[in-house]
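# Observations on the model geometry
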Amino acid sequence: MATTKKKTSIKCEPVAVRTVGDPALDRELLQSMLLQRRFEEKVGEAYALGKIGGFCHLYIGQEAVSTGIIAQLRPDDYVIGTYRDHGQALVRGVAPRAVMAELFGRIDGCSRGKGGSMHMFDRHTNFLGGHGIVGSHVPLAAGVGFAIKYRGGDQVIVCFMGDSVVNIGAFHEALNMAALWKLPVLFVIENNRYGMGTPVEKAAAVDDLSRRADGYTGMDGIVVDGMDVHAVCEAAARAIARARTESRPSLLEVRTYRFRGHSMSDAVSGTYRSKDELDEYQSYDPIFSLRDAMVLASTMTVAEWEALEAEVAATVQDAWDFADASPEPPPAALYEDVLVDTTS
Amino acid sequence: MPIITYREALNQALREEMARDDRVYIMGEEVGVYNGAYKVTKGLLEEFGENRVVDSPIAELGFAGIGVGSAMAGLRPVIEFMTWNFALLAIDQVVNSAAKMLYMSGGQFNVPIVFRGPNGAALQLGAQHSQAFESWLAHIPGIKVVSPGTPYDAKGLLKSAIRDDNPVVVLEGEMLYNTKGEVPDHEYLIPLGKADRKRTGTDCSIITSGKMALVAMQVADLLAKEDIHIDVIDLLTIRPMDVEAIYESVRKTQRAVVLEEGWEVCGIGAQVVDYIQRECFDHLDAPVLRVHQADVPMPYAKGLEKIAKPDVAKTIAAVKQVMYRT
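The shown structure was predicted, so the numbers you read here are calculated from the model rather than taken from an experiment.

## Some details on helix α1 (residues 23-48) of chain A
- Under the 1.5 Å per step criterion, the end-to-end length of α1 of chain A is 37 Å for 26 residues, consistent within 8% with the ideal 38 Å.
- Once α1 of chain A finishes, Gly 50 of chain A follows within two positions and takes phi at roughly 80°, a positive value.

As structure tokens, then:
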């Protein structure tokens, strides 16, 4: 089989066969992942129709990462991420309507139509944004950790980032200070194998990205299979507990794969990765592998799955209809939100 | 009224605001044990402890970002850059994070942060340590930029900057820390966005800010002896700029010189001249002239450095030119 995947450096090879867990929890995990999948597929459609503009980066294939990690958080914890942020926003509890309206550039979007695909924000869920400059948000996460510690709180912040971030200075500066000052931050590398079209092994002078943690005393480096939502849950739960109770940062590398292009303008396969490689990873689909395992273990029936699909489809269609009906921001909004008026 | 240094005035502002609001903390290189590279934070570690006076590694991008993140989570950081020259490493956090967060979040996340430190050329520090960044920073919507020239202004503006709910850049004059001036005992604030008339005159306006305000005042005092009376408008805040103060002065004097420390091209002076030509065109009796640094990286050699910098003589020459005197 023609493949460009480098197996030598992969500790966590995806496996197609999954274990099952608590049926109710499994159903929640499945629902969370499926919502992201169907939502993102709809986003792809809307983009093709011109309802969504600009850069748009789909999360399809990586759903187990957001679902598994955010499920371990409390409502008063914080989440921050990159421009590939739709999935995390949904899992964190930002309403599908508000995310879709933001993508459509409408007033009811979670950032009032001023952020767009790359800048989802929601104060109510402590969702501190999608950020568009690679690596730039990693120090922000350390800053939130600093604020938590400053106030003596026991919250944590999870910082999602792509694999290309580990090569930029901001990442190292932030990890150094997070370790030095023992900040309650979980840094999550979503290693989907490519920084845009450049494979990890052509960009990082380290075989195993979690080893970047070795440079910072007290920081654990962990690798986990990102196609296995249970494994993600377990690894995240441990790292988050360490952050919460010991105020110690961790670097969690989640081996995942993006089934779509880097952005909407990027072909799914061709120039930098082969169809065979894509097909192989799609066989490890985090959603369908869990579904199959559940059906096999009789913790879910096919009818229940179909009902879940229908429920999610209805939610996504409702988000679309809502976004489509939401007005565009009025011209007066142009000059709003540049500065706040109040002075404390 | 007590006479204190610019450095002491800034120190008082920090101390008072930290005592007033426990969300205010200071972070930067050498701000704690070392008392600050320029001693602006002297004694603060002792008074407020290491939780609130935080010595950072030399990592401008990192600690500027930590400041922004902590502000999003409710703190009110004062980030000290050892000099603004080093802050270029952190400009992404100033421009892409601090300045844009409120807007791109649709008004949900404001960033109450102060970025402060010495700006502009000192003496023979060479090209990389001798730059004035007013125009770089004032270009950006979403932040405020202040540039105090006197101890009084430094204290009042820094206090207001710390209390402001927006990102505020405070450009301190590297050559000003030892300069002295009157600063009252009682608490006061200087509102951001308001200029200050430092000298009153009817013959020509000089519009300026920061260290150059001192040059403008010297020019005004010298020219007064020649019966030329200068209206010195010290902008104090460069963004948002007090354009009404500029218009009022220029409509009165009908002549103007814009004096700035930085380079000419796309400088603050270019913006001021644009405001003047738009709003005071019919009042002008002469083209508006600009005085600024020579359009070169700052040389080390003493003589070259002197002729590269804007100064009293160059400003007097410009004033005389707009007054058609020789």
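## A few points about the interface of chain B and chain A
- Counting residues at the interface gives 49 residues for chain B and 40 residues for chain A.
- Across the contact surface, chain B and chain A share 0 salt bridges.
- Counting every contact that joins chain B to chain A gives 15 residue pairs in polar contact (both at pLDDT 80 or more).
- Those elements giving two or more residues to the side of chain B that touches chain A turn out to be β2 (24-28), β3 (53-55), α3 (60-72), α4 (91-98) and α5 (101-104) of chain B.
- Sort the elements by how many residues they give to the side of chain B that touches chain A and α3 of chain B lands first, with 10 residues.
- Taken together, the residues of the side of chain B that touches chain A break down into 20 nonpolar, 17 polar and 12 charged.

## Quick word on unusual backbone geometry
- Here Arg 239 of chain B and Pro 240 of chain B are connected by a cis peptide whose omega angle stands at -5°.
- Examined against the element boundaries, Pro 240 of chain B turns out to sit in the loop between β12 (237-239) and α9 (243-253).
- Although it is not a glycine, Ser 247 of chain A adopts a positive phi angle of roughly 50°.
- Note on placement: Ser 247 of chain A falls in the loop between α8 (229-246) and β8 (250-255).

## A word on the nonpolar core
- Counting residues in hydrophobic clusters, the biggest one holds 88 residues, and the most contacted among them are Phe 146 and Phe 187 of chain A together with Phe 115 of chain B.
- Per-element tally for this core: the top contributor is helix α5 (residues 137-151) of chain A, with 9 residues.
- Sequence-distant contacts of Phe 187 of chain A, that is, excluding residues within four places in its chain, are made with Val 138, Cys 159, Met 161, Ala 174, Leu 175, Ala 178, Met 219, Pro 249, Ser 250, Leu 251 and Leu 252 of chain A.
- Residues Cys 56, Val 188, Ala 243 and Leu 308 of chain A belong to the second largest nonpolar core, which totals 67 residues.

## Regarding the sheet that holds strand β13 (residues 256-259) of chain B
Residue and element names in this part refer to chain B.
- The sheet built from 5 strands is open, its strands ordered β9-β11-β10-β13-β14 with mixed pairing. Looking at the sheet topology across the chains shown, the edges are occupied by β9 (196-199) and β14 (289-291). Adjacent strand axes in the sheet meet at a mean angle of 25° when their direction is disregarded.
- Bridge analysis of strand β10 (residues 204-208) against strand β11 (residues 230-234) gives 5 bridges, and the strand direction is parallel. Across the sheet, Thr 208 pairs through a bridge with Asp 234, a residue of β11.
- Most of the contacts of α9 go to β10, to which it runs at about 155°, and overall it touches β9, β10, β11 and β13.
- Packed on one face of the sheet, helix α10 (residues 268-279) meets β10, β13 and β14 and runs near 155° to β13.

## Observations concerning the sheet that holds strand β4 (residues 76-80) of chain B
Residue and element names in this part refer to chain B.
- Across the sheet, which stays open at both edges, the 7 strands sit in the order β3-β2-β4-β5-β7-β6-β12 with mixed pairing between neighbours. Every other strand in the sheet has two partners, leaving β3 and β12 as the edge strands with one partner each. Taking each pair of neighbouring strands and ignoring which way they run, the sheet shows an average axis angle of 20°.
- Together, β2, β3, β4, β5 (114-119) and β7 (168-173) form the strand contacts of helix α1 (residues 6-20), whose direction differs from that of β2 by roughly 130°.

## A look at the confidence of the model for chain B
- Mean pLDDT over chain B: 97, with 100% of residues reaching 70 or higher.
- Both scores are given for the predicted complex: the pTM is 0.95, the ipTM 0.96.

## Some details on the packing of α1 of chain A against helix α2 (residues 63-70) of chain A
All names here are of chain A.
- Remark: α1 packs on α2, axes separated minimally by 9 Å, with the N-to-C direction vectors making an angle of 135°. Taken together, α1 and α2 sit at an angle that is classed as oblique. For the pair α1 and α2, the sense of crossing is right-handed. From α1, Leu 29, Ser 32, Met 33, Gln 36 and Arg 37 reach across to α2, where they touch Glu 63, Ala 64, Ser 66 and Thr 67.

## Considering the pattern of salt bridges
All names here are of chain B.
- The final tally for this structure, using the stated rule, is 49 salt bridges over all chains.
- Asp 153 is paired through a salt bridge with Lys 198; the nearest N and O atoms lie 2.6 Å apart. Linking Asp 153 in helix α7 (residues 151-163) with Lys 198 in strand β9, this pair joins segments that are 45 residues apart in sequence. Pair check on accessibility: Asp 153 and Lys 198 agree, each one buried.
- Where salt bridges share partners, they join Glu 16, Glu 17, Arg 20, Lys 155, Lys 159, Arg 163 and Glu 187 into one cluster.

## Focus: the packing of α1 of chain B against α7 of chain B
All names here are of chain B.
- Across the interface, α1 lies against α7 with an axial gap of 8 Å and an inter-helix angle of 25°. With respect to α7, the element α1 is oriented roughly parallel. Considering how the two elements wind past one another, α1 and α7 form a crossing that is right-handed. Together, Tyr 6, Ala 9, Leu 10, Gln 12, Ala 13, Leu 14, Glu 16, Glu 17 and Arg 20 of α1 and Pro 151, Ala 154, Lys 155, Leu 158, Lys 159, Ile 162 and Arg 163 of α7 make up the contact between the two elements.

## Examining the packing of aromatic side chains
Residues and elements named next belong to chain A.
- According to the stated counting rule, one finds 19 aromatic pairs over all chains in the structure shown.
- Geometrically, the ring pair formed by Tyr 257 and Phe 259 is tilted, given 6.4 Å between the ring centres and 50° between the ring planes.
- Residue classification places Tyr 257 among the buried positions, given a relative accessible area of 0%.
- In this structure an aromatic cluster arises from ring pairing among Tyr 194, Tyr 257, Phe 259, Tyr 272, Tyr 281 and Tyr 284.
- The side chain of Lys 42 reaches across the aromatic face of Trp 320, ending 5.2 Å from its centre.
- Against the face of Trp 305 rests Arg 291, its NZ or CZ located 5.0 Å from the ring centre.

## Focus: the confidence of the model for chain A
- Per-chain confidence: chain A averages 93 in pLDDT, with 94% of residues scoring 70 or above.
- A low-confidence stretch, residues 1-11 of chain A stays under pLDDT 50, and its non-local contacts, those more than four residues away or across chains, total 26 contacts.

## Notes on helix α9 (residues 275-282) of chain A
Residue and element names in this part refer to chain A.
- Turning to α9, its buried residues are Glu 277, Leu 278, Glu 280 and Tyr 281. Summarising the axial view, the buried residues of α9 lie within an arc of 160°, below the 170-degree limit, and thus occupy one face.
- Where α9 is buried, its residues meet β5 (194-195).

## Observations regarding the environment of Trp 181 of chain A
- Position of Trp 181 of chain A relative to the elements: it lies in the loop between α6 (169-180) and β4 (185-191).
- Note on Trp 181 of chain A: relative accessible area 17%, which makes it buried.
- Here the alpha-carbon distance between Trp 181 of chain A and Met 196 of chain A, two residues 15 residues apart in the chain, equals 33 Å.
- Once you skip the residues sitting within four places of it in the chain, Trp 181 of chain A turns out to touch Phe 146 and Lys 149 of chain A together with Met 27, Val 54, Asp 55, Ser 56, Pro 57 and Ile 66 of chain B.

Each value, and the rule that gives it
- Residues numbered from 1 in each chain as written.
- Chains lettered and ligands numbered in written order.
- Predicted model: local features only at pLDDT ≥ 70, side-chain atom pairs only at ≥ 80, totals over all residues.
- Heavy atoms only, no water.
- Helix = DSSP H or I, 4+ residues; strand = E, 2+ residues; numbered from the N terminus.
- Expected span 1.5 Å × (residues − 1).
- Contact = heavy atoms within 4.5 Å.
- Salt bridge = Lys/Arg side-chain N within 4 Å of Asp/Glu carboxyl O.
- Polar contact = N/O pair within 3.5 Å; in protein donor to acceptor, adjacent residues only side chain to side chain.
- Nonpolar A, V, L, I, M, F, W, Y, C, P; charged D, E, K, R; others polar.
- Core = buried A, V, L, I, M, F, W, Y, C linked by side-chain atoms within 4.5 Å.
- Buried < 20%, exposed > 50% of the residue type's maximum accessible area, 1.4 Å probe, protein only.
- Pairing = 2+ DSSP bridges.
- Axes fitted to C-alpha atoms, helices over the stretch in contact; angles between N-to-C directions.
- pLDDT = per-residue confidence, 0-100.
- Parallel < 35°, antiparallel > 145°, perpendicular 65-115°, else oblique.
- Left-handed = near helix turned anticlockwise from the far one by under 90°.
- Phe/Tyr/Trp six-rings, centres within 6.5 Å; stacked < 30°, edge-to-face > 60°.
- Lys NZ or Arg CZ within 6 Å of the ring centre and 35° of its normal.
- Arc of directions from axis to C-beta.

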